[in-house]
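For reference, the chains in residue letters:
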Amino acid sequence: MKKQLFLLFSVLLGYSELSFAYDPTRGALQNAPELRSYGYNQQDIYNKYHPSVNVGNSYNNNGNSYNNMNPVIIHVPSKYGAIVLNNKTGIITDSVNEDSLEQAKRVAIQRCEKRGAGKFCKVRDWVRNGCHALATGTKNGLRFLSKGNSSTEGNSERLALENCNSQKYEECAIIVPERCSLPND
């Protein structure tokens, strides 16, 4: 009986040592991309969300090694545009794709003053890396302006009209079509 218990204990002890001897989350298999979906290689998942601590190689979804140590930074300068209105004459001018906000405002004001009665030109809207449009509508016999700004092409006019209608203005119409000032690639 002692011999059988000793044998059983030895087998159980050996089995438990074997089970601890092989851990698929450690060793060579920890970087196997096929095992990521099963929760292995937790350091790689951590590195994905914390790239500043990523040292050495990581593995992408195809199992290929890549190094996050040297990110590529691409600087694309911003572009600006402005819409200017002369309240006395009703003349509207604009500028697009200028290198600074000050330059965009200055160019649009100069165009307005050149076409109309002097110093009555005021900036009504401006945009940085986006598009804008202007709509008008009436309420109680008075005319109002409504802006529409968007970071992507094709939305500004719709937004200007929606803004006009949401203010309960009547006869809403686009008076400055969409103009975009977007950075060059």
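The model shown is predicted, which means the values in this text are computed figures rather than measured ones.

Right, let's talk about the side chain of Thr138 for a bit. Relative to the elements of secondary structure, Thr138 occurs in strand 6 (residues 130-139). Exposure remark for Thr138: the relative accessible area of 12% places this residue in the buried category.

Below, the discussion takes up the packing of aromatic side chains. What the rule picks out here adds up to 1 aromatic pair. Between Phe144 and Tyr169, the ring centres sit 4.8 Å apart and the planes meet at 5°, which makes this aromatic pair stacked. Of the two residues, Phe144 is situated in strand 7 (residues 142-150) and Tyr169 in the loop between helix 4 (156-166) and strand 8 (170-181); the sequence distance between them amounts to 25 residues. Here Phe144 falls in the partly exposed class, since its relative accessible area comes to 29%.

Our next topic: a nonpolar patch on the surface. Judged by side-chain polarity, Val72, Ile74 and Val76 come together as a nonpolar surface patch covering roughly 320 Å² of accessible area. Along the polypeptide, Val76 turns up in the loop between strand 2 (65-67) and strand 3 (80-86).

Turning our attention to the sheet that holds strand 4 (residues 92-98). Strands sit in the order 4-3-5 across an open sheet of 3 strands; the sheet is antiparallel. In the strand order of this sheet, the two ends are held by strand 4 and strand 5 (121-128), each with one partner. Sheet twist, expressed as the average angle between the axes of neighbouring strands with direction ignored, equals 15°. Of the pairings in the sheet, the one linking strand 3 to strand 4 comprises 5 bridges and is antiparallel in character. Each bridged residue has a counterpart across the sheet, and for Ile83 the counterpart in strand 4 is Asp94. Most of the contacts of helix 3 (residues 101-115) go to strand 4, to which it runs at about 150°, and overall it touches strand 3, strand 4 and strand 5.

We now examine the confidence of the model for the protein. Mean pLDDT over the protein works out to 76, with 61% of the residues at or above the 70 mark. Predicted confidence in the protein is weakest over strand 1 (residues 57-59), with a mean pLDDT of 51, and strongest over helix 4, with 95. Low pLDDT, under 50, characterises residues 15-20; the predicted model gives this stretch 0 contacts beyond four residues in sequence or across chains.

What helix 4 keeps buried is the set Ser156, Ala160 and Cys164. Here the buried residues of helix 4 occupy an arc of 75° about the axis, which is enough to place them on one side. In the segment just after helix 4, Lys168 is the residue with positive phi, at about 65°.

Our focus in this paragraph is the sheet that holds strand 7. The 3 strands are arranged 7-6-8 in an open sheet whose pairing can be described as antiparallel. At either margin of the open sheet sits one strand with a lone partner, and together these are strand 7 and strand 8. Pairwise comparison of adjacent strand axes, ignoring direction, gives a mean angle of 20° for this sheet. Of the strand pairs in this sheet, strand 6 and strand 8 are connected by 7 bridges, and their pairing is antiparallel.

Definitions and cut-offs
- Position numbers for residues count from 1 along each chain, tracking the sequence in the order it is written.
- Thresholds applied to this predicted model are a pLDDT of at least 70 for local features of residues and 80 or more for the giving and counting of side-chain atom pairs; totals over whole chains, interfaces and linings are not thresholded and use all residues.
- Where side-chain values are given, they derive from all heavy atoms of the structure, hydrogens and water being excluded.
- Runs of H or I in DSSP of at least four residues are treated as helices and runs of E of at least two as strands, each being numbered from the N terminus.
- We call a residue buried when its accessible area falls under 20% of the maximum for its residue type, exposed when it is over 50%, and partly exposed in between, using a 1.4 Å probe and counting protein chains only.
- Note on aromatic contacts: the rings of Phe and Tyr and the six-membered ring of Trp form a pair at centre separations within 6.5 Å, being stacked when their planes are under 30 degrees apart, edge-to-face when over 60 apart, and tilted otherwise.
- Patches here are clusters of residues that have more than 30% relative accessible area and form no salt bridge, with a 9 Å joining cutoff for like charges and a 5 Å cutoff for nonpolar side chains (Val, Leu, Ile, Met, Phe, Trp, Tyr).
- Every accessible area reported is derived by Shrake-Rupley at a probe size of 1.4 Å, with residue values counting cover from the shown protein chains alone.
- One speaks of a salt bridge when a side-chain nitrogen belonging to Lys or Arg is within 4 Å of a carboxyl oxygen belonging to Asp or Glu.
- One requirement defines pairing of two strands: DSSP has to find at least two bridges between them.
- Note on definitions: angles span 0 to 180 degrees between N-to-C directions of axes, and those axes are lines fitted to C-alpha atoms, for helices only across the stretch in contact.
- The contact definition used throughout considers only heavy atoms, calling two residues in contact when any of these lie within 4.5 Å.
- Known as pLDDT, the predictor's confidence for each residue is given on a scale from 0 to 100.
- Throughout, the arc means that of the directions going from the helix axis to the C-beta atoms.

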